[in-house]
Amino acid sequence: MRCPRKNLPTPLRFQVFCHGSVLLSALPSDPQRFLALCHVQYGPVFKFLLGGRNVIVVGTPDSIHNAHFTDHRVLANRIEHYYHFRALCNNTSLFPMIYDVLNRNLFPILDRRLSKRAVDDLTTGFAETVFQRLKLNSRGDRVSLRRSLTEPLYCAATPIFLGSKFSSDTYDNWVAFLNSFTKRLVQRPFWSLPSTRARGRLVQHITTCLQGASPDNDNDKLAGNFAEVIRQNDISFEAASPAVLSLLLALHANQFNVIFWFFSWLMADPRAFSSLRDDIDRAVREEFGSIETFVAETSPRRLDSPAFALLNSAILETTRLTTVQNALRLAECDYELKDGEGTIPIRKGEYVLLYPRPVQRTEASYPDGHRFVLDRFVQSQYEGDLAPTSGKPYFAFGAEKHLCKVPCYVRTQGINHPIPFSLRRYTGPSRVSVVRVETSTA
């Protein structure tokens, strides 16, 4: 297939193409480039035949929004969870039972415990842990930018999910496994022994954490809830641990990606870097008085403030460019997906791939949409953390009430807290047939 190259967006080579990767593993080595080329030639809605299965790509704001809101019994999302579970566990026969428990019991717990009203109770001590790890890294040997940013986040965020038995010594295992996860997901050959050993140690550590967790222990937090659900459903902790590992991979993949590119873009723009650092210093003085008070008293609720509007804008801009969800759905029946005044015909057994990247860079909604603009989401009157995205195509975390709680937690807690500390520290190819999909008029 040949497509014109003019006006193509710059490829996001750092973006991990997680959802639907197994289906797209037969594509050329850069799936994002393939989708961008198809988008230019065939428009925002197109279909390609891959491995005998039709994949319909939807890339308009209305079609993406409506796909998110379609009943899961019509457009099922279990296929994403299955591929992740298969990459993490050798025995997939347990997947139907474990997925049912996740969907029915664990996901509602996450929705409730990671909500805006409840997340403050979970994150006590988060800022202190980040601050201490940053100081520890600054005293020792040289460390990479990636490690200096991500290790404090890992050490602060993971205990919220694994409880009091968590050990920060597992960071290197996480990095080793995370670096190979995409290859596992798409089943491409690679030297897997280090990754396999790291996965085994992580699964064993998660099992130990869950076995020792109790919902009556405040220090166990979410781990106690997880352990209670696992026991009530007569699932062994060894069988449930890969599912929890999958959840944590989503958390850390988002954290590591966003925080790294946040600082990379700022360091490439000294004016933006200085502007944000000065603005945060002012906000910390006005809201908390000192950095020590900030460490002791900060919370997601207090960071959702007009004083931190520029920081909020910078994080939204980073997630707009990096954390788009290429979600995959499986049609369980024939269905007409609404797209503006028309509909997109979908047949039972076809896959639907949500492709929000182009609409999150459209010039109509985001002038210079391929550039990082620090104050793009600053409002004249601050109305809330996600309020600046209202009325614009923005699908970094899903859509409206169907927001994914884990990446939302990454934005409100996992990214907001370390930035003030870190800113003070740093100075500076297969054959694929593609056809246009015609929409019918309503």
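Read on for a plain summary of the structure. Because the structure is a prediction, the values reported are computed rather than measured.

Rules used in this analysis
Residues numbered from 1 in each chain as written. Predicted model: local features only at pLDDT ≥ 70, side-chain atom pairs only at ≥ 80, totals over all residues. Heavy atoms only, no water. Helix = DSSP H or I, 4+ residues; strand = E, 2+ residues; numbered from the N terminus. Buried < 20%, exposed > 50% of the residue type's maximum accessible area, 1.4 Å probe, protein only. Areas by Shrake-Rupley, 256 points an atom, 1.4 Å probe, with all protein chains shown as cover. Expected span 1.5 Å × (residues − 1). Axes fitted to C-alpha atoms, helices over the stretch in contact; angles between N-to-C directions. Parallel < 35°, antiparallel > 145°, perpendicular 65-115°, else oblique. Contact = heavy atoms within 4.5 Å. 1 Å grid on protein atoms, 1.4 Å probe; cavity = no way out; pocket = protein on both sides within 12 Å on 5 of 7 lines; lining within 4 Å. Points joined across faces, edges and corners; volume = space filled by probe spheres on them. Nonpolar A, V, L, I, M, F, W, Y, C, P; charged D, E, K, R; others polar. Arc of directions from axis to C-beta. Salt bridge = Lys/Arg side-chain N within 4 Å of Asp/Glu carboxyl O. Polar contact = N/O pair within 3.5 Å; in protein donor to acceptor, adjacent residues only side chain to side chain. Phe/Tyr/Trp six-rings, centres within 6.5 Å; stacked < 30°, edge-to-face > 60°. Pairing = 2+ DSSP bridges. Core = buried A, V, L, I, M, F, W, Y, C linked by side-chain atoms within 4.5 Å. Left-handed = near helix turned anticlockwise from the far one by under 90°.

1. Examining the overall build of the chain
Item 1. Along its length, the chain carries 18 helices and nine strands.
Item 2. Residues classed as buried in the chain amount to 54% of the 442 residues present.
Item 3. Of the roughly 19,900 Å² that the chain leaves accessible, carbon and sulfur atoms contribute 48%.

2. Quick notes on helix 2 (residues 31-42)
Item 1. With 12 residues, helix 2 ought to run about 16 Å at 1.5 Å a step, and its terminal C-alpha atoms sit 16 Å apart, in line with that.
Item 2. Buried within helix 2 are the following residues: Pro31, Gln32, Phe34, Leu35, Ala36, Leu37, Cys38 and Tyr42.
Item 3. Of the residues one or two after helix 2, Gly43 is the one with positive phi, at around 95°.

3. Some details on the packing of helix 13 (residues 270-287) against helix 16 (residues 309-322)
Item 1. Two elements in contact, helix 13 and helix 16, have axes whose closest approach is 9 Å; the angle formed by their N-to-C orientations is 135°. Put simply, helix 13 runs oblique to helix 16. On helix 16, the residues touching Ser275, Leu276, Asp279 and Ile280 of helix 13 are Leu310, Leu311 and Ala314.

4. Quick word on empty space enclosed by the protein
Item 1. There is about 50 Å³ of room inside the largest cavity.
Item 2. If you trace the largest cavity, you find it lined by Ile98, Val101, Leu102, Leu106, Ile230, Ile235, Ala240, Ala243 and Val244.
Item 3. Elements that contribute at least two residues to the lining of the largest cavity include exactly helix 5 (95-113) and helix 12 (237-267).
Item 4. With four residues, the single largest contributor to the lining of the largest cavity is helix 5.
Item 5. A per-class count over the lining of the largest cavity returns nine nonpolar, no polar and no charged.

5. A word on helix 3 (residues 61-69)
Side chains of residues three or four places apart in an α-helix project in the same direction, reflecting 3.6 residues per turn.
Item 1. Ser63, Ile64, Ala67 and His68 are the residues of helix 3 that are buried. Projection of helix 3 onto a plane perpendicular to its axis shows the buried side chains occupying an angular sector of 135°, all on one side.
Item 2. Structurally, helix 3 contributes buried residues whose contacts are with strand 2 (53-58), strand 3 (75-76), strand 4 (328-331), strand 5 (335-339), strand 6 (342-346) and strand 7 (351-354).

6. With respect to unusual backbone geometry
Item 1. Even without glycine at this site, Asp234 takes up a positive phi of about 55°.
Item 2. Take Asp234: it is sitting in the loop between helix 11 (221-232) and helix 12.
Item 3. Residue Asp368 is not a glycine yet carries a positive backbone phi of 55°.
Item 4. In this fold, Asp368 is placed in the loop between strand 7 and helix 17 (405-415).
Item 5. On the basis of relative accessibility, which here comes to 42%, the residue Asp368 falls in the partly exposed class.

7. Observations regarding the pattern of salt bridges
Item 1. Applying the stated criterion across every chain yields a total of 12 salt bridges.
Item 2. Two residues, Glu151 and Arg133, come together in a salt bridge whose shortest N-O distance is 3.0 Å. Placement of Glu151 in helix 8 (residues 145-162) and of Arg133 in helix 7 (residues 126-139) is noted, with a sequence separation of 18 residues between them.
Item 3. Connected through salt bridges with shared partners, the residues Arg133, Arg147, Glu151 and Asp172 form a single ionic network.

8. Observations concerning the side chain of His252
Item 1. Looking at where His252 falls in the secondary structure, it is placed in helix 12.
Item 2. The class for His252 is buried, based on a relative accessible area of 0%.
Item 3. Looking at His252, its side chain comes within polar contact range of the side chain of Thr158, at 3.0 Å.
Item 4. At 3.2 Å, the side chain of His252 forms a polar contact with the side chain of Gln255.

9. Describing the packing of aromatic side chains
Item 1. All chains considered together, the criterion is met by 14 aromatic pairs.
Item 2. Ring centres of Tyr154 and Tyr171 lie 5.7 Å apart, and the angle between their planes is 65°; on these two criteria the pair is classed as edge-to-face. Within this pair, whereas Tyr154 is found in helix 8, its partner Tyr171 is found in helix 9 (residues 171-186), the two being separated by 17 residues in sequence. For the pair formed by Tyr154 and Tyr171, the shared burial category is buried.

10. Quick word on the pairing of strand 5
Item 1. As paired strands, strand 5 and strand 6 are joined by five bridges and run antiparallel to one another. Its bridge partner lying in strand 6, Tyr335 is registered against Ile346.
Item 2. Between the end of strand 5 and the start of strand 6, which pair antiparallel, lie two residues, with Gly340 showing a positive phi angle near 65°.

11. Considerations on the side chain of Ser305
Item 1. By the element assignment, Ser305 lies in the loop between helix 15 (300-303) and helix 16.
Item 2. In this structure Ser305 touches Glu287 and Tyr382, once residues within four positions along its chain are discounted.

12. Regarding the environment of Thr124
Item 1. Position of Thr124 among the secondary structure elements: in the loop between helix 6 (119-122) and helix 7.
Item 2. Judged by relative accessible area, Thr124 falls into the exposed class, the value being 62%.
Item 3. Expressed as a C-alpha distance, the spacing of Thr124 and Thr298, which sit 174 residues apart in the sequence, is 8.9 Å.

13. Topic: the nonpolar core
Item 1. Phe161, Leu245, Leu276 and Phe308 are the most contacted members of the largest nonpolar core, which has 98 residues in total.
Item 2. Looking at which element gives the most residues to this core, the answer is helix 12, with 15 residues.
Item 3. Counting 16 residues, the second-largest nonpolar core is a separate cluster that includes Ala67, Ala331, Leu354 and Phe395.

14. Some remarks on the packing of helix 5 against helix 11
Item 1. Close contact between helix 5 and helix 11 brings their axes to 11 Å; oriented N to C, the two are set at 160°. Between helix 5 and helix 11, the angle is such that the two are roughly antiparallel. Between helix 5 and helix 11 the crossing geometry is right-handed. Two secondary-structure elements touch here, helix 5 through Val101, Asn105, Leu106, Ile109, Leu110 and Arg113 and helix 11 through Lys221, Leu222, Asn225, Phe226 and Val229.

That's the geometry; what it means functionally is another story.
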